[in-house]
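Single-letter residue listing:
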Amino acid sequence: MSTTITDRDALTRAVTNKIGSLSEAQRRIALFVLNHYARVPFMTTTELAQAAGSSQSSVTRFVLGLGFDSFSDFTGALSQIVLGEINETIPAQRFARAQGAAQLGDLIDAEIRHFHGLQQILRSDAFAQCTLRISEAPRTVVAGFGAAASIAIHVHLYLSRIQPGVSCVTELTSPIITESVHLKAGDCAIMFAVPRYIRDAVTLMRLLADRGVHLLLVTDRGGTDLVTCANDIMVVPITNGPTTAFPAAMLTLGGLLVEAIALLKPERTMTHLQVFETLATSSDLFAPHPALIQPNWEAQLETYATDTVP
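Residues numbered from 1 in each chain as written. Predicted model: local features only at pLDDT ≥ 70, side-chain atom pairs only at ≥ 80, totals over all residues. Heavy atoms only, no water.

Undergrad: Describe in detail the packing of aromatic side chains, supporting the description with residues and values.
TA: Tallying each qualifying case throughout the model produces four aromatic pairs. Pairing Phe-68 with Phe-74 gives two aromatic rings, centres 5.3 Å apart and planes at 70°, and the pair type is edge-to-face. Here the aromatic residues Phe-62, Phe-68, Phe-71 and Phe-74 are joined through ring pairs into a cluster of three or more. (Phe/Tyr/Trp six-rings, centres within 6.5 Å; stacked < 30°, edge-to-face > 60°.)

Undergrad: Tell me about the packing of helix α2 (residues 24–36) against helix α4 (residues 56–65), residues and numbers included.
TA: Between α2 and α4, the least distance of the axes is 9 Å, while the angle of their chain directions is 70°. For the element pair α2 / α4, the angle class is roughly perpendicular. Of the two elements, α2 crosses α4, and the hand of that crossing is right-handed. Between α2 and α4, the contacting residues are Ala-25, Gln-26, Ile-29, Ala-30 and Val-33 on the first element and Ser-58, Val-59, Arg-61 and Phe-62 on the second. Considered class by class, the residues forming the contact of α2 with α4 number six nonpolar, two polar and one charged. (Axes fitted to C-alpha atoms, helices over the stretch in contact; angles between N-to-C directions. Helix = DSSP H or I, 4+ residues; strand = E, 2+ residues; numbered from the N terminus. Parallel < 35°, antiparallel > 145°, perpendicular 65-115°, else oblique. Left-handed = near helix turned anticlockwise from the far one by under 90°. Contact = heavy atoms within 4.5 Å. Nonpolar A, V, L, I, M, F, W, Y, C, P; charged D, E, K, R; others polar.)

Undergrad: I'd love a proper account of unusual backbone geometry, names of residues and values included.
TA: Trans peptide bonds make up most of the peptide bonds, and negative phi angles are found at most residues other than glycine. The phi angle at Asp-284 is positive, at roughly 55°, despite the residue not being glycine. Considering the arrangement of structural elements, one finds Asp-284 in the loop between α13 (266–282) and α14 (297–306). Here Asp-284 falls in the exposed class, since its relative accessible area comes to 60%. (Buried < 20%, exposed > 50% of the residue type's maximum accessible area, 1.4 Å probe, protein only.)

Undergrad: Break down the packing of α2 against helix α3 (residues 45–52) for me, citing the residues and quoting the values.
TA: Their axes nearest at 9 Å, the elements α2 and α3 cross at an angle of 100°. Accordingly, the angle class assigned to the pair α2 and α3 is roughly perpendicular. Mapping the contact onto sequence places Arg-28, Ile-29 and Phe-32 in α2 and Leu-48, Ala-51 and Ala-52 in α3.

Undergrad: A description of the side chain of Thr-239 should follow, citing residues and the corresponding values.
TA: Relative to the helices and strands, Thr-239 is located in strand β6 (residues 239–240). Since its relative accessible area comes to 4%, Thr-239 is described here as buried. Engagement of the side chain of Thr-239 in a polar contact is seen with the side chain of Glu-111, the distance being 2.5 Å. A polar atom in the side chain of Thr-239 sits 3.4 Å from the side chain of His-114. Ignoring anything within four residues of it in the chain, the contact list for Thr-239 reads Leu-107, Ala-110, Glu-111, His-114, Thr-244, Ala-245 and Phe-246. (Polar contact = N/O pair within 3.5 Å; in protein donor to acceptor, adjacent residues only side chain to side chain.)

Undergrad: I'd like a rundown of the nonpolar core, residues and numbers included.
TA: In terms of nonpolar packing, the biggest core is built from 31 residues, with Phe-192, Leu-216, Val-218, Met-234, Val-236, Met-250 and Leu-253 touching the most fellow members. Elements supplying a minimum of two residues to this core: α7 (104–122), α8 (125–135), α9 (149–162), β3 (188–193), β4 (214–219) and α12 (248–264). Among the elements that make up this core, the one with the highest residue count is α12 (eight residues). Contacts of Val-218, omitting those with residues within four sequence positions, involve Ile-190, Met-191, Phe-192, Ala-193, Met-234, Val-236, Met-250 and Leu-253. Listed in part, the 28 residues of the second largest apolar core include Leu-11, Phe-32, Leu-34 and Val-63. (Core = buried A, V, L, I, M, F, W, Y, C linked by side-chain atoms within 4.5 Å.)

Here it is, written out as structure tokens:
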């Protein structure tokens with residue numbers, strides 16, 4: 001084997017570096033591998049070709065193009081990635097290995113690579129279709145549990161300003177389950193999920209699927225119980241530090257989803273933003289910037305330019 005792929009970051013880089021030069025058939029294989037790499041070690045070339053909507057010959061060309069000598073070498077490398085990640089989800093084991101060797105700058109470099117990977121998602125048909133579907137949904141549930149809760153809260157904060165019928169779920173409570181009776185086909189849900197996956201996330205997704213809600217799963221990997229419930233999946237890798245997960249790229253994708261939805265409905269977006277500003281002003285929601293309370297624009301500019309934070 002002339003290529004070395006030992007972790008998911010390396011796999012993502014290898015595939016995304018090639019994806020622009022791939023044929024359409026090989027591109028489908030590439031996207032399937034990125035989204036379902038944990039399943040591939042258990043597949044034959046025929047099964048991978050069928051799952052990706054491609055051909056055996058395209059699978060062979062794709063694998064050789066990545067630098068592997070054979071499909072067996074390729075699946076062997078993916079097996080080692082999956083086995084390594086089983087232990088990587090346990091912080092105590094990560095910390096034990098990292099002591100004396102952890103380089104904080106490497107964590108930044110890893111997350112930067114994940115940011116670059118967002119470009120491919122933005123150019124995908126799946127991103128365009130998901131944003132259109134959400135923009136037209138009567139109700140949208142934004143959900144995240146555990147470490148993903150902060151992402152769900154952030155996305156809900158901004159999406160609820162520009163679109164009606166948006167709710168946020170970060171804990172699975174009796175009222176949440178009761179209110180789900182009002183959800184139905186045509187409604188949407190966005191589930192953000194990062195390791196270690198909270199059992200309630202699976203429970204909520206199954207509940208929403210039973211109600212006919214269209215589910216978009218934004219997660220760091222395929223091959224989990226969450227994937228079986230999802231209609232659409234966007235894979236955004238995260239960086240695992242010795243004790244902490246860094247889902248910065250996933251948070252950014254959440255913001256990009258909101259921006260795309262806003263741009264699809266410009267008149268509605270502007271109307272709701274204007275109403276929000278009126279309500280924010282009347283309720284004195286935000287602490288004013290010193291420049292905004294000056295009597296004229298000259299004083300505003302002068303105050304803004306000289307304003308300092310103690």
